[in-house]
Amino acid sequence: MTLKLINNLQKLGFTENEAKIYASLVCLKEGTAREIYEASSVPRPKVYKVLRGMADKGYVRIIEGEPTHFTCLRPDKLISRIRADFMLSLNETFYGLNALSLEKEVQDFENPAEIGLRC
(Lines give C-alpha, C1' and ligand atoms only; values in the text may rest on other atoms or scores of the structure.)
Protein backbone atom coordinates (compact mmCIF):
# COMPACT_ATOMS: atom_id res chain seq x y z
CA MET A 1 0.00 0.00 0.00
CA THR A 2 1.50 3.30 -1.06
CA LEU A 3 1.12 6.78 0.35
CA LYS A 4 0.00 7.98 -3.10
CA LEU A 5 -2.85 5.44 -3.13
CA ILE A 6 -3.96 6.53 0.35
CA ASN A 7 -3.81 10.19 -0.71
CA ASN A 8 -5.82 9.48 -3.84
CA LEU A 9 -8.51 7.67 -1.86
CA GLN A 10 -8.64 10.64 0.51
CA LYS A 11 -9.16 12.96 -2.48
CA LEU A 12 -12.16 10.77 -3.33
CA GLY A 13 -13.67 11.37 0.11
CA PHE A 14 -12.17 8.61 2.26
CA THR A 15 -10.70 9.40 5.63
CA GLU A 16 -7.10 8.28 6.12
CA ASN A 17 -8.23 5.28 8.17
CA GLU A 18 -10.91 4.34 5.63
CA ALA A 19 -8.33 4.51 2.84
CA LYS A 20 -5.89 2.30 4.73
CA ILE A 21 -8.57 -0.23 5.62
CA TYR A 22 -10.03 -0.34 2.10
CA ALA A 23 -6.61 -0.84 0.49
CA SER A 24 -5.81 -3.55 3.03
CA LEU A 25 -9.09 -5.33 2.35
CA VAL A 26 -8.42 -5.25 -1.39
CA CYS A 27 -5.20 -7.15 -0.65
CA LEU A 28 -6.75 -9.51 1.90
CA LYS A 29 -9.97 -10.14 -0.07
CA GLU A 30 -11.64 -10.95 3.28
CA GLY A 31 -10.43 -10.54 6.82
CA THR A 32 -11.19 -10.28 10.49
CA ALA A 33 -10.77 -7.01 12.37
CA ARG A 34 -7.49 -8.33 13.74
CA GLU A 35 -6.15 -9.16 10.26
CA ILE A 36 -7.26 -5.77 8.98
CA TYR A 37 -5.64 -4.02 11.93
CA GLU A 38 -2.37 -5.85 11.29
CA ALA A 39 -2.43 -5.11 7.55
CA SER A 40 -3.57 -1.49 7.74
CA SER A 41 -1.84 -0.16 10.87
CA VAL A 42 -5.09 1.56 11.82
CA PRO A 43 -5.30 1.57 15.64
CA ARG A 44 -7.23 -1.52 16.68
CA PRO A 45 -9.86 0.35 18.75
CA LYS A 46 -10.80 2.35 15.62
CA VAL A 47 -11.00 -0.56 13.18
CA TYR A 48 -14.53 -1.72 14.10
CA LYS A 49 -15.98 1.79 14.05
CA VAL A 50 -14.38 2.61 10.69
CA LEU A 51 -15.50 -0.73 9.21
CA ARG A 52 -19.09 -0.19 10.34
CA GLY A 53 -19.08 3.32 8.87
CA MET A 54 -17.73 1.95 5.61
CA ALA A 55 -20.43 -0.72 5.65
CA ASP A 56 -23.04 2.04 5.99
CA LYS A 57 -21.58 3.67 2.86
CA GLY A 58 -21.66 0.35 1.02
CA TYR A 59 -17.88 0.07 0.69
CA VAL A 60 -17.56 -2.92 3.03
CA ARG A 61 -19.74 -5.96 3.67
CA ILE A 62 -19.95 -7.45 7.16
CA ILE A 63 -20.08 -11.25 7.35
CA GLU A 64 -21.44 -12.04 10.80
CA GLY A 65 -19.94 -15.00 12.56
CA GLU A 66 -17.40 -15.91 15.16
CA PRO A 67 -15.23 -14.07 14.40
CA THR A 68 -16.86 -11.45 12.20
CA HIS A 69 -15.29 -11.13 8.76
CA PHE A 70 -15.24 -8.17 6.41
CA THR A 71 -14.90 -7.88 2.65
CA CYS A 72 -14.80 -4.81 0.44
CA LEU A 73 -16.62 -3.68 -2.64
CA ARG A 74 -14.53 -4.52 -5.71
CA PRO A 75 -12.38 -1.58 -6.84
CA ASP A 76 -14.14 -1.28 -10.22
CA LYS A 77 -17.54 -1.14 -8.49
CA LEU A 78 -16.23 1.38 -5.95
CA ILE A 79 -14.87 3.70 -8.64
CA SER A 80 -18.11 3.41 -10.65
CA ARG A 81 -20.15 4.34 -7.58
CA ILE A 82 -17.90 7.28 -6.69
CA ARG A 83 -17.96 8.48 -10.32
CA ALA A 84 -21.77 8.30 -10.47
CA ASP A 85 -22.18 10.09 -7.13
CA PHE A 86 -19.69 12.77 -8.19
CA MET A 87 -21.36 13.35 -11.55
CA LEU A 88 -24.77 13.63 -9.89
CA SER A 89 -23.41 16.21 -7.42
CA LEU A 90 -21.60 18.06 -10.18
CA ASN A 91 -24.75 18.27 -12.32
CA GLU A 92 -26.94 19.32 -9.40
CA THR A 93 -24.42 22.01 -8.48
CA PHE A 94 -24.20 23.25 -12.05
CA TYR A 95 -27.96 23.56 -12.43
CA GLY A 96 -28.34 25.10 -8.97
CA LEU A 97 -25.68 27.73 -9.63
CA ASN A 98 -27.04 28.36 -13.11
CA ALA A 99 -30.48 28.96 -11.64
CA LEU A 100 -29.01 31.46 -9.17
CA SER A 101 -27.34 33.39 -11.95
CA LEU A 102 -30.55 33.57 -14.02
CA GLU A 103 -33.06 34.44 -11.29
CA LYS A 104 -33.29 37.08 -8.59
CA GLU A 105 -34.63 34.62 -6.02
CA VAL A 106 -33.72 31.07 -5.16
CA GLN A 107 -36.82 29.05 -5.99
CA ASP A 108 -35.34 25.56 -5.66
CA PHE A 109 -35.34 25.74 -1.86
CA GLU A 110 -38.34 25.88 0.43
CA ASN A 111 -36.75 28.56 2.59
CA PRO A 112 -33.66 30.19 1.05
CA ALA A 113 -32.91 32.06 4.30
CA GLU A 114 -32.26 28.71 5.99
CA ILE A 115 -29.14 28.17 3.94
CA GLY A 116 -28.03 31.78 4.09
CA LEU A 117 -28.56 32.61 0.41
CA ARG A 118 -30.01 35.90 -0.71
CA CYS A 119 -30.13 36.95 -4.32
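This text goes with the structure placed above it.
As a starting point, this report considers the structure included with it.

Parameters at a glance
Residues numbered from 1 in each chain as written. Predicted model: local features only at pLDDT ≥ 70, side-chain atom pairs only at ≥ 80, totals over all residues. Heavy atoms only, no water. Helix = DSSP H or I, 4+ residues; strand = E, 2+ residues; numbered from the N terminus. Expected span 1.5 Å × (residues − 1). Buried < 20%, exposed > 50% of the residue type's maximum accessible area, 1.4 Å probe, protein only. Contact = heavy atoms within 4.5 Å. Patch = residues over 30% accessible without salt bridge, like charges linked within 9 Å, V, L, I, M, F, W, Y side chains within 5 Å. Areas by Shrake-Rupley, 256 points an atom, 1.4 Å probe, with all protein chains shown as cover. Salt bridge = Lys/Arg side-chain N within 4 Å of Asp/Glu carboxyl O. Pairing = 2+ DSSP bridges. Axes fitted to C-alpha atoms, helices over the stretch in contact; angles between N-to-C directions.

Its 28 residues give helix H5 (residues 75-102) an end-to-end C-alpha distance of 40 Å, which sits within 8% of 40 Å, the value for a rise of 1.5 Å per residue. For H5, the complete set of buried residues consists of Leu78, Ile82 and Ala99. Each element contacted by the buried residues of H5 is listed here: helix H2 (16-28).

The next thing to look at is a nonpolar patch on the surface. Taken together, the side chains of Phe86, Met87 and Leu90 make up a nonpolar region of the molecular surface, amounting to roughly 300 Å² of accessible area. Along the chain, Met87 falls in helix H5. Looking at Met87, the relative accessible area reads 39%, which means it is partly exposed.

Here we take up the sheet that holds strand E2 (residues 60-63). Across a sheet, paired strands are connected by hydrogen bonds in the backbone, their directions being either parallel or antiparallel. One open sheet holds the 3 strands; their spatial order is E1-E3-E2, and the pairing between them is antiparallel. Of all the strands in the sheet, the pair left with one neighbour each is strand E1 (30-32) and E2. Ignoring strand direction, the axes of neighbouring strands in this sheet form an average angle of 30°. Bridging between E1 and strand E3 (residues 69-72) involves 3 bridges; their strand directions are antiparallel. In the sheet register, Thr32 faces E3, and the bridge partner there is His69. Lying over the sheet, H2 contacts E1, E2 and E3, oriented at roughly 95° with respect to E3.

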